[in-house]
Number of protein chains: 2
Amino acid sequence: MHLVCLDLEGVLVPEVWIAFAKATKIPELQRTTKDEPDYDKLMRFRLDILAKNNFKLADIQQVISKMNPLPGALEFSRAVRERTQLIILSGIFEEFTEPLMAKLGWPTIFCNSLEIGPDGTITGYQLRQKNDKKRAVQAFQSLNIKVFAAGDSFNDLEMIDTADAGYLFRAPANIRKRYPEIPCLNTYDGLLTEIDSFLESGA
Amino acid sequence: MHLVCLDLEGVLVPEVWIAFAKATKIPELQRTTKDEPDYDKLMRFRLDILAKNNFKLADIQQVISKMNPLPGALEFSRAVRERTQLIILSGIFEEFTEPLMAKLGWPTIFCNSLEIGPDGTITGYQLRQKNDKKRAVQAFQSLNIKVFAAGDSFNDLEMIDTADAGYLFRAPANIRKRYPEIPCLNTYDGLLTEIDSFLESGA
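Keep in mind that this is a model prediction, so the values were computed, not measured.

*Asks:* Got a minute to help me understand the overall build of chain A in this structure?
*Replies:* For chain A, the count of helices and strands is 9 helices and 7 strands. Taken over the C-alpha trace, chain A has a radius of gyration of 17 Å; the compact-globule value for 203 residues is 17 Å, and the two agree within 12%. Considering only C-alpha atoms, chain A reaches an extent of 50 × 35 × 30 Å along its principal axes. Taken across its 203 residues, chain A has 56% of its residues classed as buried.

Structure, rendered in structure tokens:
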């Protein structure tokens, strides 16, 4: 059995925090896992800014509700699901995902969750576990499932490395330069071609 | 994070082998995992009958292409996917699943595969692993995911037992009688109510 594991933001949908940064005109919120390898540091930085500006969960959800999948992402994810199994492995919080998953036809997603205060303030976050994407790939492999993985960020590197086949997808220059040994694809057609090869290889 | 694991045949779609038995008027093929706890014994019995009657993969696929989800199953599975994550854990073969998954909106499914000869004869089958459903639940739990499981057959019992919450669904009398300690639900509304309780309990 085969399974494709994809990162969400930057691969199928735009970066949520960048969209929120633009909507609120707070440029500091444009930092993502593509810029900051330390996720906890990044999240504490984000939550600080939210608190200072008195933004609540509902403010972020409102911005997300207007977001759309990247052009071609719905067609690509459908094509993957017609060929094999797809599970999205994302650092996103489940409180953010609903409108985006609805627009992608409800693919399965494994992600993290937020801690929300009684007034709707985001008080913290819960990572499901350390190295969550790598651990997920290993868990699937323990079920005798061959895994194809693709992502664009620092937190995708272990997933890509652990998978039976793995690619960077539209990764920024700093990551491509630092990990030249991982091939980087830039189009859904290119990614689908590699997925087809993976499925046919019986890898 | 939460995940619902459902059996496929008998829970979301009719039993494929029973549909094929009816279409071909071969009553022996009506035996399923609800009647025979030993899956390998059951499959060797089925493959023997296929060989004797010169049925090929395409003959079964043709019958499946005309099958539909059970009444209410599409709406139920959509309701589950709007609330949480769903992965179908099934003993079915991936060569059988496409028309059924299309009609269910392409949920994620972990299943087995067939060995097909050059002329389209089914020469054998590959179980992904022993105790596949239980192992899958354990793998999800190792990712700090809480699992709700439901199924109707002997090969669902370990999955139901291992999950954080588990139910029989429309199980036949012989199984209900043998496992009175496992509650049995008979409607999608009833199952959804239990799933809602599970999600709210923070189990």
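Past the structure itself, the notes keep going.
*Asks:* Would you mind showing me how to read helix H5 (residues 94–103) of chain B here?
*Replies:* In an α-helix, one turn spans 3.6 residues; hence positions three or four apart end up facing the same way. Residue and element names in this part refer to chain B. Among the residues of H5, Phe96, Thr97, Leu100 and Met101 are the ones counted as buried. Projected down its long axis, H5 carries its buried residues within an arc of 120 degrees, all on one side. As for H5, its buried residues are in contact with helix H1 (16–24), helix H3 (57–65), strand S2 (85–93) and strand S3 (108–116). Two residues or fewer after H5 comes Gly105, characterised by a positive phi angle close to 75 degrees.

*Asks:* Explain the pattern of salt bridges to me, please; I cannot follow it from the model alone.
*Replies:* Pairing is possible between side chains of opposite charge, provided their charged atoms come close. All names here are of chain A. Inspection of the entire model under this criterion finds 12 salt bridges over all chains. Among the salt bridges present, the one from Lys133 reaches Asp7, with a minimum N-O distance of 3.0 Å. Of this pair, Lys133 sits in helix H6 (residues 132–142) while Asp7 sits in the loop between strand S1 (2–6) and helix H1 (16–24), placing them 126 residues apart in sequence. Each member of the pair, Lys133 as well as Asp7, carries the same accessibility label: buried. Where Arg83 meets Asp196, a salt bridge forms, and the shortest distance between an N and an O atom there is 2.6 Å. Separated by 113 residues along the polypeptide, Arg83 in helix H4 (residues 73–83) and Asp196 in helix H9 (residues 188–201) bring together distant segments of the chain. Note on Arg83: relative accessible area 39%, which makes it partly exposed.

*Asks:* Is there a simple way to think about the interface of chain A and chain B in this case?
*Replies:* How big an interface is tends to be expressed through the accessible area that disappears when the partners come together. Counting from both sides, the interface comprises 26 residues of chain A and, opposite them, 26 residues of chain B. Counting each side, the surface lost to burial between chain A and chain B is near 2,200 Å², with a carbon and sulfur contribution of 56%. When the buried surface of chain A facing chain B is broken down by residue, Met1(A), Trp106(A) and Leu143(A) rank first, second and third, together holding 28% of it. Linking chain A to chain B there are 0 salt bridges. Elements that contribute at least two residues to the side of chain A that touches chain B include exactly H4, strand S2 (85–93), helix H5 (94–103), strand S3 (108–116) and H6 of chain A. Of the residues contributing to the side of chain A that touches chain B, the split by class is 14 nonpolar, 6 polar and 6 charged.

*Asks:* What am I meant to see in the environment of Leu199(A) here?
*Replies:* Residues and elements named next belong to chain A. Position of Leu199 relative to the elements: it lies in helix H9. For Leu199, a relative accessible area of 21% puts it in the partly exposed group. Residues Leu199 and Lys146 lie 53 residues apart in sequence; the distance between their C-alpha atoms is 9.1 Å. The contacts of Leu199, once residues within four sequence positions are left out, are His2, Arg83 and Thr84.

*Asks:* Sorry, what's going on with H1(A) here?
*Replies:* Residues and elements named next belong to chain A. Considered for burial, the residues of H1 that qualify are Val16, Trp17, Ala19, Phe20 and Ala21. In this structure, the buried side of H1 is in contact with helix H2 (39–52), helix H3 (57–65), S2 and H5. One or two residues past the end of H1 sits Lys25, with phi positive at roughly 55 degrees.

*Asks:* I would appreciate a short explanation of the relation of the copies chain A and chain B in the present structure.
*Replies:* Mapping one chain copy onto the other needs a rotation about an axis and a shift along that axis. Expressed as a screw transformation, the operator carrying chain A onto chain B has a rotation angle of 180 degrees and an axial translation of 0.0 Å, and the superposed copies differ by an RMSD of 0.0 Å. The superposition operator between the copies reduces to a two-fold rotation axis. Using C-alpha coordinates, one finds that chain A approaches the rotation axis most closely at Ala139(A), a distance of 2.7 Å. Most of the interface of chain A is mirrored in chain B, where 100% of its interface residues again form contacts.

*Asks:* How should I be thinking about the sheet that holds strand S1 (residues 2–6) of chain B in this particular structure?
*Replies:* Two strands in a sheet stick together by hydrogen bonds in their backbones, pointing the same way (parallel) or opposite ways (antiparallel). Residues and elements named next belong to chain B. On the basis of which strands lie adjacent, the open sheet formed by 7 strands has the order S4-S3-S2-S1-S5-S6-S7 and mixed pairing. If you trace the sheet from one side to the other, it starts and ends with strand S4 (122–126) and strand S7 (184–185), each paired once. Looking at chain direction, S3 and S4 are connected through 4 bridges and run antiparallel. Each residue of the ladder has a partner; that of Glu115, found in S4, is Gly124.

*Asks:* How should the packing of H4(A) against H9(A) be read in this particular structure?
*Replies:* In a packed pair of helices, the relevant descriptors are the angle between the two axes and the axis-to-axis distance. Residues and elements named next belong to chain A. Close contact between H4 and H9 brings their axes to 10 Å; oriented N to C, the two are set at 5 degrees. It follows from the interaxial angle that H4 and H9 lie roughly parallel. When H4 is examined against H9, the residues Ala73, Phe76, Ala79, Val80 and Arg83 are found in contact with a partner set consisting of Tyr188, Leu191, Leu192, Ile195, Asp196 and Leu199. Across the contact of H4 with H9, the residue classes break down as 9 nonpolar, no polar and 2 charged.

Calculation rules
Residues numbered from 1 in each chain as written. Chains lettered and ligands numbered in written order. Predicted model: local features only at pLDDT ≥ 70, side-chain atom pairs only at ≥ 80, totals over all residues. Heavy atoms only, no water. Helix = DSSP H or I, 4+ residues; strand = E, 2+ residues; numbered from the N terminus. Rg over C-alpha atoms; globule rule 2.2 N^0.38 Å. Buried < 20%, exposed > 50% of the residue type's maximum accessible area, 1.4 Å probe, protein only. Arc of directions from axis to C-beta. Contact = heavy atoms within 4.5 Å. Salt bridge = Lys/Arg side-chain N within 4 Å of Asp/Glu carboxyl O. Buried area = accessible area lost by both parts, 1.4 Å probe. Nonpolar A, V, L, I, M, F, W, Y, C, P; charged D, E, K, R; others polar. Least-squares fit on C-alpha atoms with pLDDT ≥ 70 in both. Pairing = 2+ DSSP bridges. Axes fitted to C-alpha atoms, helices over the stretch in contact; angles between N-to-C directions. Parallel < 35°, antiparallel > 145°, perpendicular 65-115°, else oblique.

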